[in-house]
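As a plain string of letters, each chain reads:
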Amino acid sequence: MRVFRRSALLIGVLVVVMGSGAPVEADMAVEATGPSVRYAGMDGCVCAPWTLWTWGGQVIKLTDARVFAGKAGKQPAPLALSPDGGYIAYFRREDGALVIRDMSTGGVREVPGVQWSRQLRSTRIDLAPAGRYVVLGSGQADRVLNARNGRSSAVPPGLRPWSFSPDAKLMLAVDDEFRAGIYSTATLAEKGRVPVGGALSPDGTTVAYFTSDDSAIGLWNVAAGRSGARQPIALPAAKIPIRLRWDGDGHLDLQMVEAAGNGDNAVYSWYRLDQGSGVAQPVDTFTVPDSVRNPIVSGLSP
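Residues numbered from 1 in each chain as written. Predicted model: local features only at pLDDT ≥ 70, side-chain atom pairs only at ≥ 80, totals over all residues. Heavy atoms only, no water.

So, about the sheet that holds strand E11 (residues 143-146). Ordered by their spatial adjacency, four strands build an open sheet running E9-E10-E11-E12, and the pairing between neighbours is antiparallel. Looking along the sheet, the strands with just one partner apiece sit at the ends: strand E9 (124-127) and strand E12 (152-154). Across the sheet, the mean angle from the axis of one strand to that of its neighbour is 25°, orientation sign disregarded. Sheet analysis places E11 next to E12, joined by three bridges and oriented antiparallel. Residue pairing across strands places Val144 opposite Ser153, the latter belonging to E12. (Pairing = 2+ DSSP bridges. Helix = DSSP H or I, 4+ residues; strand = E, 2+ residues; numbered from the N terminus. Axes fitted to C-alpha atoms, helices over the stretch in contact; angles between N-to-C directions.)

See below:
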């Protein structure tokens, strides 16, 4: 969902570092397919349409998505990416329906019972893994919707959804002090409490979080009610930690950013963490220029 830090960091724009070939551009028709989306935004200016940049180097115009929340054209309409970028949630321009697009098949399905309205202009949306649930957020009045049947559950007062387990069965929600509760996503029944928000492991037994000084990663044992036996995992130097993410196989990944020394440009890096040794192995790097407006990174809300 969003960054796993207490304070907001820069909202960068991402561009894939590609080889000599130019990216392939295309319009996103109803049946079009493509690889997972790395980031979305408005290409070059705050203007239509939403554009998708994929891990495979494609640049795709999402022509069926609503772009602005009002006629003035200043506030973008909500759009969200699943953590792996395989699914996109947005309000369809033609009829105002909230829809979820599956990038692997090109299929688009409506979330029952949700239509664009003036009341939704300030609403944010977040998307759970595999597009299974959608969070509609407005201040402290957040709702979790089953994307298949539209069933809606109110998030407990004072809490805001923060992350999901990789299978979307569990949700972690934080309060204003960044203390967190773990809930069944389907029923919102409480499953545990932790003193700090972060990323949920596949089985919901561990929460990975950044230490208060952002120098290391701690692993909180939910059942034991304490940090794990090992010392916090030190972070690579000279970079700012942005977020943590588990995959379904139990791998823990870290994203960090460093200034590139050219205006607002920055360099984002992904690392895979060895939880035993604490070694952070680089797995991906991409550049962050300022040419894309209102950027939305996979797994990260603006």
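Turning next to unusual backbone geometry. Of all residues except glycine, most have a negative phi; of all peptide bonds, most are trans. Of note, the phi angle at Phe178 is positive, near 70°, even though the residue is not glycine. One can find Phe178 in the loop between strand E14 (170-174) and strand E15 (180-184). By relative accessible area, Phe178 is classed as buried at 8%. Of note, Asp214 is a non-glycine position whose phi angle comes to about 60°, a positive value. Inspection of the secondary structure puts Asp214 in the loop between strand E18 (206-210) and strand E19 (216-221). For Asp214, a relative accessible area of 23% gives the class partly exposed. (Buried < 20%, exposed > 50% of the residue type's maximum accessible area, 1.4 Å probe, protein only.)

The next point concerns the packing of aromatic side chains. Taken as a whole, this structure holds three aromatic pairs when the rule is applied. Ring geometry for Trp162 versus Phe178: centroids 5.0 Å apart, planes at 90°, classification edge-to-face. Here Phe178 lies in the loop between E14 and E15 and Trp162 lies in strand E13 (residues 160-164), a separation of 16 residues in the sequence. (Phe/Tyr/Trp six-rings, centres within 6.5 Å; stacked < 30°, edge-to-face > 60°.)

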